[in-house]
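Below are the chains, spelled out letter by letter.
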Amino acid sequence: MTEPAFQSDFLQTLQARGYIHQITHPAELDAAAKAGVISAYIGFDATAPSLHVGSLIQIMMLRRLQQAGHRPIVLMGGGTTKVGDPTGKDASRPQLTDETIQSNLDSIKQVFSKFLTFGDGPSDAVMVNNDDWLSGYGYIQFLRDFGTQFTVNRMLAFDSVKLRLEREQPMTFLEFNYMLMQSVDFLELNRKLGVTLQMGGSDQWGNIVSGVDLVRRVDQKAAFGLTTPLLTTASGGKMGKTAQGAVWLNADQLSPFDYWQFWRNAEDADVGRFMRLFTDLPLDEIARYEALPGAEINEAKKALADAATTMLHGADAARAAREGAEAAFERGVVSGDLPTVELPSSEVIGAMIAAVATRAGLTASNGEARRLAQGGGLRLNDEAIADGARLIEASDVNADGVLKLAAGKKKLLLVKPI
């Protein structure tokens, strides 16, 4: 099937860079985006102190919106976090205290100013919190105002509910209400800020469509939905998940060095796609990088890592991360910019290297560290260690008081016994 030829700069850009999976009313949305400034939102629940790289495609969508002259609305889910989105989960999210949710919100907020310009102008970004209206509804009022707009039959047909029940996993009535709450968010934002477009990941399609229908049915106003494709790596893995855990966006959760390394270690087949989605590099320049032969693709990976890290952490941090990685991996030099983990000396000196590697976060388990060693990928001070049971000795600590541990060319850190 031939893709639609969009007229608006916004949808043309999204299509060219690979952001579009589904749109509810493509021709209407295209016409609205071409005719004037539109306001669009994406919601972010505060389930952790930082968003991770899996949320980055949504942040970049808001960035593309603003670059095209439209207004991005960042919706912080202070209210919806109290319920928890059941989408893709086999168990209920743990319920967080109001204090934890507020702490997470305060921590998460800082990342958006790296990607968006906030202010009072027509295309300046605005940040709002859905707790401001959701917690204001009384239970009976909420049911009377919105309960009649949703049928249980239709809600059971959406994947977020149907797949959970098909796996014979219980869904609480609390979680069942999440779709209603997200739909009401769209209605409230449409009324308060003139928002006409909700965007999100493909797993949010059911929730988004419900919100679009609610705005159109209750207020008879224009409303649209747009989702991005499910992001996986070329080998089929979930993008942003590593053996060591999530790739966090806050620097206090993941160092700029490790963030740079994440992008540097992208699979060859992913480099061009990730450049289009996660950087502002021009499409013709990306095409040149994609055409690089053989080992030269590593230069493209470094360019991807430079651009992505600069956007999030700044040019100085990106430069330091690159120089530290090149010094460590290509020249064997210990750099002060390398991530450093402090561990009690009693847990390092005399301990198995596999255990130290795991405790420091280099590997996910002792078994993984032993297998890495057997394959020649575990290195101590630039020397391959064939036996994961090899004990760390005091003489392994260098003049700077650290051990240099590496997992192949993918991850490197310093361990400082204290």
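Keep in mind the model is a prediction, meaning the values are calculated, not measured.

## Digging into helix α11 (residues 205-218)
Alright, step 1. Across its 14 residues, α11 extends 20 Å between first and last C-alpha, which sits within 8% of the 20 Å expected from 1.5 Å per residue.
Alright, step 2. All of the buried residues in α11 are Gly206, Asn207, Ile208, Val209, Ser210, Gly211, Val212, Leu214 and Val215.
Alright, step 3. In this fold, the buried residues of α11 make contact with α6 (139-146), α7 (152-157), α8 (159-166), α10 (178-193), β5 (197-201) and β6 (224-228).
Alright, step 4. Two residues or fewer past α11, Gln220 is found with a positive phi of approximately 50°.

## Some thoughts on the sheet that holds β6
Alright, step 1. Read across the sheet, 6 strands follow the order β1-β6-β5-β2-β3-β4 without closing on themselves; strand pairing throughout is mixed. The sheet terminates laterally at β1 (22-23) and β4 (126-129), the two strands that pair on one side only.
Alright, step 2. As judged from the 7 bridges shared by strand β2 (residues 39-45) and strand β3 (residues 71-77), these two strands associate in the parallel manner. The partner of Phe44 across the bridge, within β3, is Met76.
Alright, step 3. Where helix α4 (residues 98-109) meets the sheet, it contacts β2, β3 and β4, and its direction lies at approximately 150° from that of β3.
Alright, step 4. Packing against the sheet, α11 makes contact with β1, β5 and β6, and its axis sits at approximately 170° to β6.

## With respect to the pairing of strand β12 (residues 403-407)
In the case of a regular strand, side chains alternate between the two sheet surfaces.
Alright, step 1. In terms of burial, β12 is a largely internal element, 5 of the 5 residues being buried.
Alright, step 2. The alternating pattern of β12 places Leu403, Leu405 and Ala407 and Lys404 and Ala406 on opposite faces, both of which are buried.
Alright, step 3. Where strand β10 (residues 378-380) lies against β12, 3 bridges are found, and the strand directions are antiparallel. Within β12, the residue paired with Leu380 across the bridge is Leu405.
Alright, step 4. As judged from the 5 bridges shared by β12 and strand β13 (residues 411-417), these two strands associate in the antiparallel manner. Considered in β13, the bridge of Leu403 is made with Val415.

## So, the pairing of β2
Alright, step 1. Taken across its 7 residues, β2 has 6 buried, putting it largely inside the fold.
Alright, step 2. A crossover connection joins β2 to the parallel β3 through helix α3 (residues 56-67); in handedness this β-α-β unit is right-handed.
Alright, step 3. Relative to β5, β2 is paired through 2 bridges, and the arrangement is parallel. Across the sheet, the residue bridging to Ala40 is Leu197, located in β5.

## Things to note about the side chain of Glu188
Alright, step 1. With respect to the helices, strands and loops of the structure, Glu188 is situated in helix α10.
Alright, step 2. A polar contact is formed between the side chain of Glu188 and the side chain of Tyr137, at a distance of 2.5 Å.
Alright, step 3. When residues no more than four places from it in sequence are discounted, the contact partners of Glu188 are Trp133 and Tyr137.

## Examining the sheet that holds strand β9 (residues 340-343)
Alright, step 1. Taken together, 5 strands build an open sheet; the order of strands is β9-β13-β12-β10-β11 and the sheet is mixed. The outermost strands of the open sheet, each flanked by one partner alone, are β9 and β11 (383-384).
Alright, step 2. Two elements, β9 and β13, share 4 bridges in a ladder whose sense is parallel. Following the sheet pairing, Leu343 is matched in β13 by Pro417.

Calculation rules
- Residues numbered from 1 in each chain as written.
- Predicted model: local features only at pLDDT ≥ 70, side-chain atom pairs only at ≥ 80, totals over all residues.
- Heavy atoms only, no water.
- Helix = DSSP H or I, 4+ residues; strand = E, 2+ residues; numbered from the N terminus.
- Expected span 1.5 Å × (residues − 1).
- Buried < 20%, exposed > 50% of the residue type's maximum accessible area, 1.4 Å probe, protein only.
- Contact = heavy atoms within 4.5 Å.
- Pairing = 2+ DSSP bridges.
- Axes fitted to C-alpha atoms, helices over the stretch in contact; angles between N-to-C directions.
- Right-handed = clockwise from strand over helix to strand, strands pointing away.
- Polar contact = N/O pair within 3.5 Å; in protein donor to acceptor, adjacent residues only side chain to side chain.

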